[in-house]
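# An overview of the molecular structure
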Amino acid sequence: RLSASELFSAMPPLESLKMITSLFATLGQEKTYKLAFWDIKRAHFYGVAKRRVFANLPEEEAEEGFCALLKRTMYGTQDASAIWQQCWTECIADGGYTTGLSQPAVFANKAKDARGLCHGDDFGLLAEEHVIDEFEAILKKKYDLVRIAMLGFGEGEQREASFLNRVIRVMPEEQTVEFEADQRHGDLIMRELSLEGAKGVVSPRVKRKAQEVIEGNNSKALSGP
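As the structure is a prediction and not an experimental result, all values here were calculated from the model.

This part covers the overall build of the protein. Counting secondary structure elements, the protein contains five helices and 11 strands. In terms of C-alpha radius of gyration, the protein reaches 26 Å, well past the compact-globule figure of 17 Å for 225 residues. Expressed along its principal axes, the backbone C-alpha trace of the protein runs to roughly 85 × 55 × 40 Å. In the protein, buried positions account for 33% of the 225 residues.

Written as structure tokens, this is what we have:
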């Protein structure tokens, strides 16, 4: 039986993403730092299996009386996410990055002044552009990945990206970075309150007719206790 630590991987708190976004708003203008994001393809297939786990052979390879012994972890196996966390932690450690003691899903490289996080198979890093390129090269040595975006305040640089269902938008004229909430949360609230078909209003108050206002002003004052 697997322990709890073998069943799950750490997820960074939302505050960590907000923190590096806030730092980006300052360092992106003072020191031309960039904020980059990546997606690792088929992440759970990179970890080396630690248990004897058997699976059915794919249909085109199936043969009566035979099955497959996994040498790599696979989506759906209990310890896949925990092994993936150990896998990427060791990978970035080779590049001088250290994960947090209390929160192993965040990491930093003090010498390169780089800060980052990993949420499942998605990475984010705040650093200078050449450091971002070096970090990407470290990941590419072992993983197939896609760079989602690299945001910056410079001329012609990318201004907007979606990461963890939150839109991060660079506003160079206002010298700020806009951080949108997850729209799905708003949709859930609307559904729970049965307001999906409701119409929007400018003011939260109900607009009263002139006669109603007059009657309200002429009403008797409430008596004291």
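Take the sheet that holds strand 7 (residues 122-127) next. Taken in spatial order, the six strands make up an open sheet running 4-5-6-7-1-8, and their pairing is antiparallel. The sheet is open, and its two borders are formed by strand 4 (98-99) and strand 8 (145-151), each paired with just one other strand. Pairing analysis gives five bridges linking strand 6 (residues 114-119) to strand 7, with the strands arranged antiparallel. Residue L117 lies in a different strand from strand 7, and its bridge partner there is G124. In the packing of helix 1 (residues 14-30) onto the sheet, the strands contacted are strand 1 (34-40), strand 5 (106-109), strand 6, strand 7 and strand 8, and the crossing angle to strand 6 comes to about 150°.

For the rest of this paragraph, the subject is the side chain of K34. Within the secondary structure, K34 sits in strand 1. Separated by 2.4 Å, the side chains of K34 and E157 make a polar contact. In this structure K34 touches F24, L125, L126, A127, E129, I132, M150, L151, G152 and E157, once residues within four positions along its chain are discounted.

Within the open sheet, the three strands sit side by side as 9-10-11. Their pairing is antiparallel. Either end of the sheet is taken by a strand with one partner, and the two such strands are strand 9 (160-163) and strand 11 (176-179). This sheet shows a mean twist of 20° between the axes of neighbouring strands, independent of strand direction. Along the sheet, helix 1 contacts strand 9, strand 10 (166-171) and strand 11; its crossing angle with strand 11, the most-contacted strand, is approximately 155°.

What follows concerns the pattern of salt bridges. Summed over the entire model, instances satisfying the criterion amount to 14 salt bridges. With a closest N to O distance of 3.2 Å, K41 and D39 form a salt bridge. Taking the relative accessible area as the measure of exposure, K41 reaches 31% and is therefore partly exposed. One salt bridge connects K140 with E136, and the closest N-O pair in it is separated by 3.4 Å. Within this pair, K140 and its partner E136 are both found in helix 3 (residues 129-140), separated by four residues, close to a single helical turn. Residue class for E136 comes out buried when judged on its relative accessible area of 11%. Where salt bridges share partners, they join D133, E136, K140 and R147 into one cluster.

What counts and what doesn't
Residues numbered from 1 in each chain as written. Predicted model: local features only at pLDDT ≥ 70, side-chain atom pairs only at ≥ 80, totals over all residues. Heavy atoms only, no water. Helix = DSSP H or I, 4+ residues; strand = E, 2+ residues; numbered from the N terminus. Rg over C-alpha atoms; globule rule 2.2 N^0.38 Å. Buried < 20%, exposed > 50% of the residue type's maximum accessible area, 1.4 Å probe, protein only. Pairing = 2+ DSSP bridges. Contact = heavy atoms within 4.5 Å. Axes fitted to C-alpha atoms, helices over the stretch in contact; angles between N-to-C directions. Polar contact = N/O pair within 3.5 Å; in protein donor to acceptor, adjacent residues only side chain to side chain. Salt bridge = Lys/Arg side-chain N within 4 Å of Asp/Glu carboxyl O.

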